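Fold and contact review
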Amino acid sequence: MPRETGRKVIAQNKRARHDFHIEDTFEAGIVLQGTEVKSLRAGRASLTDGYATIKDGEAWLINVHIPEYTLGTWTNHAARRTRKLLLHRKEIDKLLAKTKESGLTIIPLALYFKDGKAKIEIGLGRGKKDWDKRHALAEKQAKREMARATRHKHR
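The structure contained in this document is the topic of the report that follows. The numbering scheme is per chain: residues are counted from 1 as the chain's sequence reads. Predicted model: local features are reported for residues with pLDDT of at least 70 only, side-chain atom pairs are reported and counted for 80 or more only, and whole-chain, interface and lining totals are derived from all residues. Here the side-chain values reflect all heavy atoms present in the structure, with hydrogen atoms and water set aside.

Topic: the overall build of the chain
Let me state the cut-off plainly: Segments assigned H or I by DSSP are reported as helices when at least four residues long, segments assigned E as strands when at least two residues long, and all are numbered from the N terminus. Only protein chains enter the accessibility calculation, which uses a 1.4 Å probe; a residue whose area is less than 20% of its type maximum is buried, one above 50% is exposed, and one in between is partly exposed. In this description, contact between two residues means that some pair of their heavy atoms is separated by no more than 4.5 Å. In this description, accessible areas are obtained by the Shrake-Rupley approach with a 1.4 Å probe, and a residue is regarded as covered only by the protein chains that are shown. Here Asp and Glu are counted as negative and Lys and Arg as positive; His is not counted, and neither are the chain ends. To locate a charge, take atom NZ for lysine, CZ for arginine, CG for aspartate or CD for glutamate.
The secondary structure content of the chain amounts to four helices and seven strands. Start at the N end of the chain and walk to the C end: the helices and strands fall as β-α-β-α-β-β-β-α-β-β-α. With respect to the three principal axes, the spread of C-alpha positions in the chain is 60 × 45 × 30 Å. Put simply, the chain has 155 residues, and 34% of those count as buried. When contacts within the chain are restricted to residue pairs at least 6 apart in sequence, long-range pairs at least 24 apart make up 70% of them. When the accessible surface of the chain is totalled, it reaches about 10000 Å², and 51% of it is carbon and sulfur. Across the chain, the centroid of the 34 positively charged side chains sits 5 Å from that of the 19 negatively charged ones.

Considerations on the pattern of salt bridges
Stated formally: By definition, a salt bridge exists where a carboxyl oxygen of Asp or Glu is found within 4 Å of a side-chain nitrogen of Lys or Arg.
Evaluated as defined, the whole model comprises ten salt bridges. Salt-bridge contacts for Arg83 lead to Glu36; the nearest nitrogen and oxygen are separated by 2.8 Å. Within this pair, whereas Arg83 is found in strand E5 (residues 83–86), its partner Glu36 is found in helix H2 (residues 34–41), the two being separated by 47 residues in sequence. With respect to burial, Arg83 and Glu36 carry one shared label: buried. With its nearest N and O atoms 3.9 Å apart, the salt bridge here joins Arg89 to Asp93. Of this pair, Arg89 and Asp93 are both found in helix H3 (residues 89–102), four residues apart, which corresponds to roughly one turn of the helix. Judged by its relative accessible area of 48%, Arg89 falls in the partly exposed class. Through salt bridges with shared partners, one network takes in Glu36, Arg81 and Arg83.

A look at the nonpolar core
The line we're drawing: We call a set of buried Ala, Val, Leu, Ile, Met, Phe, Trp, Tyr and Cys residues a nonpolar core when their side-chain atoms join them within 4.5 Å.
The biggest cluster of nonpolar side chains holds 26 residues, and the ones touching the most others in it are Leu85, Leu87, Leu95, Ile120 and Ile122. Listed by contribution, the elements that provide at least two residues to this core are strand E1 (7–12), strand E2 (20–30), strand E3 (51–55), strand E4 (58–62), H3, strand E6 (105–114) and strand E7 (117–127). Sorting elements by how many residues they give to this core places E7 first, with four residues. Discounting chain neighbours no more than four positions away, the residues touching Leu95 are Phe26, Ile54, Leu87, Ile106, Ile122 and Leu124.

Focus on the pairing of E4
In plain terms, the rule: Here, strands pair whenever DSSP counts at least two bridges between them.
Of the pairings in the sheet, the one linking E3 to E4 comprises five bridges and is antiparallel in character. Across the sheet, residue Ile54 finds its bridge partner in E4, namely Ala59. Connecting the antiparallel pair E3 and E4 is a turn made up of two residues, with Asp56 showing a positive phi of about 55°. Of the strand pairs in this sheet, E4 and E5 are connected by three bridges, and their pairing is antiparallel. Paired with Ala59 across the two strands is Leu85, which belongs to E5.

The values reported here are purely geometric and, on their own, carry no functional implication.
Following this line, the structure appears as structure tokens:
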């Protein structure tokens, strides 16, 4: 029986959904060092510049910032080190095929603890053009205006 149950979100990459069309998502485990886990439990991480890649049949998470543990000693980890992702072989093969064939990127979307284990949600994303971003923003504002108008109408 795990000590923790449920999902505790540590960090989310909100810009990813703004900058990319997310086509598919996967949940992966992460290989972490001891002080990284302690730093994550303190709720500190940044996914903004991160991405994942497939190299030699293994998935790697690159440029995700997990700050050094403040109470750590010489055993502290490097903040932006490359970390291995734990995925099933079929998932790795699917990610590799999609990124090679159609120019998709693997982006970290959320970092969280699930039943006491550190997990990361990664997504296959295609970059949006500037006009796509403006269109999505205008759509979002229009929905907000309609919701506000219907809410005031019912009062």
